[in-house]
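# Structural overview for review
Chain by chain, the residues run as shown.
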2 protein chains.
Amino acid sequence: MREERKNNKVKVIIVGSIGIDTIETPAARHADILGGSVSYASTAASFFTRVGMVGVVGSDFPPKYKKLYKKFNIDLAGMHTIEGKTFRWSGVYEADMINRRTLSTELNVFESFSPELPVAYRSAPFILLSNISPDLQLHVLSQAVAPKFVVADTMDLWINMTRGPLMKLISKVHMLMLNDSEARLLTGEHNLKKCADTIRSWGPDYVVIKKGEHGAMLISSKGVFIVPAYPVDKVVDPTGAGDLFAGGFVGALAEVKKKDEPGIRKSLLYGSVVASFGVERFSLDGLRRLTRENIDKRLLDLGKMMHV
Amino acid sequence: MREERKNNKVKVIIVGSIGIDTIETPAARHADILGGSVSYASTAASFFTRVGMVGVVGSDFPPKYKKLYKKFNIDLAGMHTIEGKTFRWSGVYEADMINRRTLSTELNVFESFSPELPVAYRSAPFILLSNISPDLQLHVLSQAVAPKFVVADTMDLWINMTRGPLMKLISKVHMLMLNDSEARLLTGEHNLKKCADTIRSWGPDYVVIKKGEHGAMLISSKGVFIVPAYPVDKVVDPTGAGDLFAGGFVGALAEVKKKDEPGIRKSLLYGSVVASFGVERFSLDGLRRLTRENIDKRLLDLGKMMHV
C-alpha cells in the first residue's frame, strides 16, 4: 500500500505542446493524429516513472487521446482544457525522411497558455521543459520548489526571437538539449564541442547536441559521450523523435540509482532506445504495445553495437 | 636480425591515386600539396605495419614528397614513375567543411595507369583497393596470391559508369567501404542497414558505411557496430579522411592478433582515430609528428566516449 502511494507520486513533470498533427510522408498520410512535444516526451518517460503532464488542449480534444495518456499512466492534473480549438500542426516529409516542410501551424488555445503547476507537481524532483517559448519555460520553472534536475529543449525560433529570456532560462537549467544547427545558431560556433563548451560556460553542467539519425553527443566536465541512434529497419515517421529522446532520458534518470555521469549516460541511451521505437510508427503508435522488457532488450543490443 | 627481416616484409598493399592537390577552405588555400587516396591510406597504415604503395606519378613529382613516404617507412617498389605530369585535383570547401566543389581534375599519367604488382607484393596478406576504377582494382586483385583480407572502396562515378566490373569486384572482396549516399545509390535502398544487407548478399562479409563527421557503421553477420568519429576541436581539411580511415583500419588489422569481429571492430576504431589526426591539418601534415603513442591515447579517449 505504501509502495503504491509512493509510485503514484509524480516524479517528473513535463511541459510542452499538445497537438493534433497531420503528417505526410512519401509512403502515407495521417490526418488528425496525436502529437506535440509533451505528448511524445511524457509517453516516453512513462515507461520509467510517474509523469505529470503540463499542457493545454481545446474543447475539441478527442477523448480517445486523453484515454491514451491514461493508458500510459500519465498524471493529467496539469493538463488544462479550455474553450476553443487544440493546437494543430501539419507537415510533409521529403524522401530522406529528415527534411520536412511545415504546411500549417494553428496555435489556437496554445496562444494564451500560461501553465500553472498543480500543487502536487511543485516539488517534483525532475523537470523537462520541452520546446515552448522560454518565457513559458521560465514561468513553469519559477513555480518549482528546489528541483533536482531540470532539462530544457529549445529551437531556432526562440534563439532568433527571444534571446534574452532564453539566455536567462539557460542559466537556470542543469541540461540544455538542442539540435546541432540550433547549437551553432545559438553560439556562433561551428564545432559542436566548442558550441557545447560555450553553452556550459553560461550555466548548464550538461549539454546534449542532437544530430537526428546520427544520434547525439553529451558534453560535460567529464568529456564527450557518444549517444548513437539505434539503427531501425524502417523510419516511418520521425516526428517527435527528439521529444521521445528527451522524455525517455528524464524518465530513466528519475529511476536510475545515481544521478552521476554514468547514470546520465545510461539514461541518454534509454532515451535513444525509446525514440527508436517511436519512429517506427506514426504518432505514439510505436509505443502503444511497447514494454519495459522490449526497451531493455534493445538497450542491450545498442550496448553491443558500441562494444568492441 | 630475423625480426628485422620479418618487419620489413610488406604486409599490406594499397593501391590508389597519388595526386597533387590544391585545396581551398574558408580559412586558407594550399596549392600543390600532396594528396591522393593511396598517399593518405598508406601513411595511415604505416603507423601499424609495413605498407607497399601501388600508384603512379609523373616525372614532375616533387622529390620531397617521395622522401616523405620514405619517412613513414612505406615501401615504394610498387610506385611507378612515368614521363608526364602527376594526377592533379583542386577543390573548394564550403563553410560547413563537408560540402565541396571540384574545380578541376587532371588525370595526366593516371589515365594510362595499369598497376603491376612487384613480385614481393603478390603474397601480401592484406590488400586495400582504394577508390580507383573497378577494372584497375580487379587487375590488382588478379595478381595477388591468396590474400587473407581484401577491402575495397568505391565512389558514385564507378557506380554510375562501370557497374558490371564493380559488381564483379564486390563479389571478390571481404569488405566493401563506401559513403552513405553511395550505398544508397548502389543498392536503391534508403535504410543503411538494408543497403549493407543487400551488399553482403553479393559477397562481402563486412560492409562499412561511412558517414563523414558522424563516423561509420560496420555491418556483418554479428550485427551492427557503431564507429564514432573522434570529435576534434577543429577540422582544418577533411580531404582524405575516408582514405585515412580505410588505411588506418587495414594497417591495424594486419597487426591485431585475431582477425575476428572484435579485431575488425578495434581496427576500425584505429582507423577513425588516425583520420581524426589527419583532418586537423592540411595534406599529411597532421600525421607528420604523430606517434603510435598519441594514437593509442586517443583510442583510449574514444573508448571512454563510448562507455557508460
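Provided above is the structure to which this section pertains.
Presented here is a report on the structure given in the accompanying data block. (Residues numbered from 1 in each chain as written. Chains lettered and ligands numbered in written order. Predicted model: local features only at pLDDT ≥ 70, side-chain atom pairs only at ≥ 80, totals over all residues. Heavy atoms only, no water.)

## Section: the overall build of chain A
On a plain count of helices and strands, chain A comes out with 12 helices and 13 strands. By the compact-globule yardstick of 19 Å for 308 residues, chain A fits well, its C-alpha radius of gyration being 18 Å. Counting the 308 residues in chain A, one finds 57% classified as buried. By sequence separation, contacts in chain A at least 24 residues apart represent 63% of the contacts at least 6 residues apart. Surface accessibility of chain A: about 13,000 Å² in total, with carbon and sulfur atoms responsible for 51%. Once the 41 positive and 33 negative side-chain charges of chain A are each reduced to a mean point, those two points are 6 Å apart. (Helix = DSSP H or I, 4+ residues; strand = E, 2+ residues; numbered from the N terminus. Rg over C-alpha atoms; globule rule 2.2 N^0.38 Å. Buried < 20%, exposed > 50% of the residue type's maximum accessible area, 1.4 Å probe, protein only. Contact = heavy atoms within 4.5 Å. Areas by Shrake-Rupley, 256 points an atom, 1.4 Å probe, with all protein chains shown as cover. Lys, Arg positive; Asp, Glu negative; His and termini not counted. Charge placed at Lys NZ, Arg CZ, Asp CG, Glu CD.)

## Topic: the relation of the copies chain B and chain A
After a rotation of 180° and a shift along the axis of 0.0 Å, chain B superposes on chain A with an RMSD of 0.0 Å. Viewed as a symmetry operation, the transformation between the two copies matches a two-fold axis. (Least-squares fit on C-alpha atoms with pLDDT ≥ 70 in both.)

## Remarks on the sheet that holds strand β1 (residues 12-15) of chain B
Residues and elements named next belong to chain B. Ordered in space as β5-β4-β1-β8-β9-β10-β11-β12-β13, the 9 strands form an open sheet in which the pairing is mixed. The open sheet has two free edges, formed respectively by β5 (79-82) and β13 (223-227), since each of these has just one partner strand. In this sheet, adjacent strand axes meet at a mean angle of 15° when their direction is disregarded. As paired elements, β1 and strand β4 (residues 51-58) share 4 bridges and run parallel to each other. (Pairing = 2+ DSSP bridges. Axes fitted to C-alpha atoms, helices over the stretch in contact; angles between N-to-C directions.)

## Description of the environment of Arg298 of chain A
All names here are of chain A. Structurally, Arg298 is set in helix α12 (residues 292-305). Arg298 gets classed as buried once you look at its relative accessible area, which sits at 12%. C-alpha separation for the pair Arg298 and Ile13, spaced 285 residues apart in sequence, amounts to 26 Å. Other than its neighbours up to four places away in sequence, Arg298 contacts Tyr230, Val232, Val273, Ser276, Phe277 and Glu280.

## Some details on the interface of chain B and chain A
Between chain B and chain A, the residue contacts involve 30 residues of the former and 30 residues of the latter. Between chain B and chain A we count 4 salt bridges in total. The tally of links from chain B across to chain A stands at 16 residue pairs in polar contact (both at pLDDT 80 or more). At the level of secondary structure, the elements contributing two or more residues to the side of chain B that touches chain A comprise α8 (192-201), β13, α10 (261-278) and α12 (292-305) of chain B. Counting residues per element, the side of chain B that touches chain A draws most heavily on α10 of chain B, at 4 residues. (Salt bridge = Lys/Arg side-chain N within 4 Å of Asp/Glu carboxyl O. Polar contact = N/O pair within 3.5 Å; in protein donor to acceptor, adjacent residues only side chain to side chain.)

## Some thoughts on unusual backbone geometry
Residues and elements named next belong to chain A. Here the phi dihedral of Met97 falls at roughly 60°; this positive angle occurs in a residue that is not glycine. Tracing the backbone through its elements, the reader meets Met97 in the loop between β6 (87-93) and β7 (100-106). Overall, the relative accessible area of 13% leaves Met97 in the buried class. Although it is not a glycine, Asn108 sits at a positive phi angle of roughly 50°. Residue placement: Asn108 occurs in the loop between β7 and β8 (126-129).

## Examining the packing of aromatic side chains
Residue and element names in this part refer to chain A. Taken as a whole and assessed by the stated rule, the structure comprises 16 aromatic pairs over all chains. Pairing Phe149 with Phe249 gives two aromatic rings, centres 6.3 Å apart and planes at 65°, and the pair type is edge-to-face. A residue pair is termed long-range when its members are at least 10 positions apart, and Phe149 in strand β9 (residues 149-153) and Phe249 in helix α9 (residues 241-255) qualify at 100 residues. Each member of the pair, Phe149 together with Phe249, is buried. (Phe/Tyr/Trp six-rings, centres within 6.5 Å; stacked < 30°, edge-to-face > 60°.)

## Observations concerning the pattern of salt bridges
Residue and element names in this part refer to chain A. Overall, the coordinates contain 28 salt bridges over all chains when judged by the stated rule. Measuring nitrogen to oxygen at the nearest pair gives 3.3 Å for the salt bridge that ties Lys11 to Glu255. Here the residue Lys11 occupies a position in the loop between α1 (2-8) and β1 (12-15), and Glu255 occupies one in helix α9, the gap between them amounting to 244 residues. Owing to a relative accessible area of 29%, Lys11 belongs among the partly exposed residues under this scheme.

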